[in-house]
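Geometric and topological summary
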Amino acid sequence: MPVTAIRAIRSLGLVLSALVVVPWARGDDPPKKPDPPVELTAKEDHKRLMDLLKIKELRQGVDGRNAKADNAANYDESKANPYPKLPDPLVMKDGTKVKTAEMWVKKRRPEIVEDFDAEIYGRVPKETPKVKWEVTDTKKDKVGEVEVVTKKLAGHVDNSSYPPITVDIQLTLTTPADAKGPVPVMMEFGFGGGPVREGSWQQQVLAKGWGYAILSPNSIQADNGAGLTKGIIGLCNKGQPRKVDDWGALRAWAWGASRALDYFETDKAVDAKQVGIEGLSRYGKAAIVAMAYDERFAIGFIGSSGEGGVKLHRRNWGELVENVASSGEYHWMAGNFLKYAGPLKWDDLPVDSHELVALCAPRPVFISCGSFKVEGGWVDAKGMFLAGVGAGSVYKLLGKKDLGTAEMPAEETALIDGEVAFRQHSGGHTTGPNWPTFLKFADRYIKGPAGGGADKR
């Protein structure tokens, strides 16, 4: 190419580059960095919600530790509101009775979901950020005598809409190394990390040829009010405080469980149509919420979930609505839940926990708790049992079996003949003693890769 032509091309390039001017070179302001998340203590945020709801004062919760306190928790059945008038899950808001499965699915179930969204657990945004799963570590190991493969995973939540907040969901998945195909998986809200002890639930699950997973709830959303402007809730709100009907931590944890299930649908080691969810205490609350909202979960094992979980709100026993609406626990729920400890009462709630169990129908749910003498009465074993009873009409409408009785059974009595199951073990605040019974119950529904749920031991 002639030298004159090369010089001409270079000159043209200089002219064009001079025309490309970055905005702030013209005197415009440079792009503004997003403001950091709003910093509020739990008490400050709690007060903010009260102000939004125009609540001047909330009723005091009960004291579960001091029986002599003026506000001591009630453990006297005669004072427990023993026959509460519960909303009928098979009656529409306009009074129409639900008589068919189609009517339940298309009309009544959405009504109940809307009430839980608006008043109790809060609304998940219509669009949430995508999650990209990364396997960060894979290793072969032994759990007891079973050869396993354990994957550590990180679910990177897209934060391009608000870079100041990073959310990486922590999940581990363990499956038998010699599985002949995709295996069922039981997923627990937990923290793991330590050695698996002899006789543990993990060993019991592996003995059936199933896998197990542990999902870290705090990697999704912090378990406190101060964290509501961070985590997945804060990310969706771009660091701003919640509206009164925004989701709380229980719905956020349940959302994270659904994202883990999304991953399982891509992992050839997992039979994603046979994934169960389990949790204890506050994570028992999260487990029943996940089971109720995401109909892909095949089975639920709900441990000592108490108030805000399976326990009937309309029971004066152990922990009450007022306790969960306090500044120590309100972050689990929607802001609107505070109303029912303020100007309104539990009878004003449009739904109760038996309808949360009903949202799981027709899928099997096992309700677990410990002994009154050992675990204590805070979680209200009978209140959880009665929620199972109250869900029975929906299960029967859908062609399934209920608990089979409305009478609270004696400790160690397993009610596992229907799709709603219940057992109160003789131990403390743990699901441990109920795992063998749960797995016997689950055998009717969950089948291993060889085509059966029989124990390999």
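For the structure given in this document, a descriptive report is provided here. No experiment lies behind these values; they were computed from the predicted model shown. (Residues numbered from 1 in each chain as written. Predicted model: local features only at pLDDT ≥ 70, side-chain atom pairs only at ≥ 80, totals over all residues. Heavy atoms only, no water.)

The next subject is the pattern of salt bridges. Scanning all chains against the criterion turns up 29 salt bridges. Measuring nitrogen to oxygen at the nearest pair gives 2.8 Å for the salt bridge that ties D262 to R296. With D262 in helix α6 (residues 249-264) and R296 in the loop between α7 (282-293) and β7 (299-303), this pair connects stretches of sequence that are 34 residues apart. For R296, a relative accessible area of 28% corresponds to the partly exposed category. Among the salt bridges present, the one from R315 reaches D380, with a minimum N-O distance of 2.8 Å. Placement of the pair is R315 in the loop between β7 and α8 (321-324) and D380 in the loop between β8 (365-369) and α10 (381-397), with a sequence separation of 65 residues. Residue D380 is classed as buried on the basis of its relative accessible area, which comes to 0%. (Salt bridge = Lys/Arg side-chain N within 4 Å of Asp/Glu carboxyl O. Helix = DSSP H or I, 4+ residues; strand = E, 2+ residues; numbered from the N terminus. Buried < 20%, exposed > 50% of the residue type's maximum accessible area, 1.4 Å probe, protein only.)

Here we come to the layout of surface pockets. When its volume is computed, the largest pocket comes out at roughly 970 Å³. Lining the largest pocket are 40 residues, with G192, G193, G194, Q202 and I214 positioned closest to its centre. Residue assignment for the lining of the largest pocket shows that the elements contributing at least two residues are β1 (131-143), β2 (146-157), β3 (168-176), β4 (183-189), α4 (201-207), β5 (211-215) and β6 (270-280). Of the residues forming the lining of the largest pocket, the biggest block, 5 residues, is contributed by β1. (1 Å grid on protein atoms, 1.4 Å probe; cavity = no way out; pocket = protein on both sides within 12 Å on 5 of 7 lines; lining within 4 Å. Points joined across faces, edges and corners; volume = space filled by probe spheres on them.)

Taking 1.5 Å as the rise per residue, α7 with 12 residues should run 16 Å; its terminal C-alpha atoms sit 17 Å apart, in good agreement. With 11 of 12 residues buried, α7 is to be regarded as a mostly interior element. Regarding α7, the residues found buried are Y283, G284, K285, A286, A287, I288, V289, A290, M291, A292 and Y293. (Expected span 1.5 Å × (residues − 1).)

The strands that make up a sheet pair up through hydrogen bonds in the backbone, lying either parallel or antiparallel. Overall, mixed pairing links the 9 strands, which are arranged β1-β2-β3-β5-β4-β6-β7-β8-β9 in an open sheet. Either end of the sheet is taken by a strand with one partner, and the two such strands are β1 and β9 (420-424). Averaged over all adjacent pairs, the angle separating strand axes in this sheet is 20 degrees, with direction ignored. Note that β1 and β2 share 12 bridges and pair antiparallel. Considered in β2, the bridge of T138 is made with K151. On the sheet, α7 packs against β4, β6, β7 and β8 and is oriented at approximately 145 degrees with respect to β6. The strands touched by helix α11 (residues 435-442) are β4, β6, β7, β8 and β9; relative to β7, the strand with the most contacts, the crossing angle is about 160 degrees. (Pairing = 2+ DSSP bridges. Axes fitted to C-alpha atoms, helices over the stretch in contact; angles between N-to-C directions. Contact = heavy atoms within 4.5 Å.)

Attention now moves to the packing of aromatic side chains. Evaluation of the coordinates by the stated rule reveals 20 aromatic pairs. For the pair W133 and Y263, a centre-to-centre distance of 5.9 Å together with 50 degrees between the ring planes defines the contact as tilted. Residue W133 is found in strand β1, and its partner Y263 is found in helix α6; the two are separated by 130 residues along the sequence. Pairwise contacts between aromatic rings join W201, Y212, F301, F366, W435, F438, F441 and Y445 into one cluster. We note K208 situated over the ring of W210; from NZ or CZ to the ring centre the distance is 6.0 Å. Lying over the aromatic face of Y293, R251 brings its terminal NZ or CZ to 3.6 Å of the ring centre. (Phe/Tyr/Trp six-rings, centres within 6.5 Å; stacked < 30°, edge-to-face > 60°. Lys NZ or Arg CZ within 6 Å of the ring centre and 35° of its normal.)

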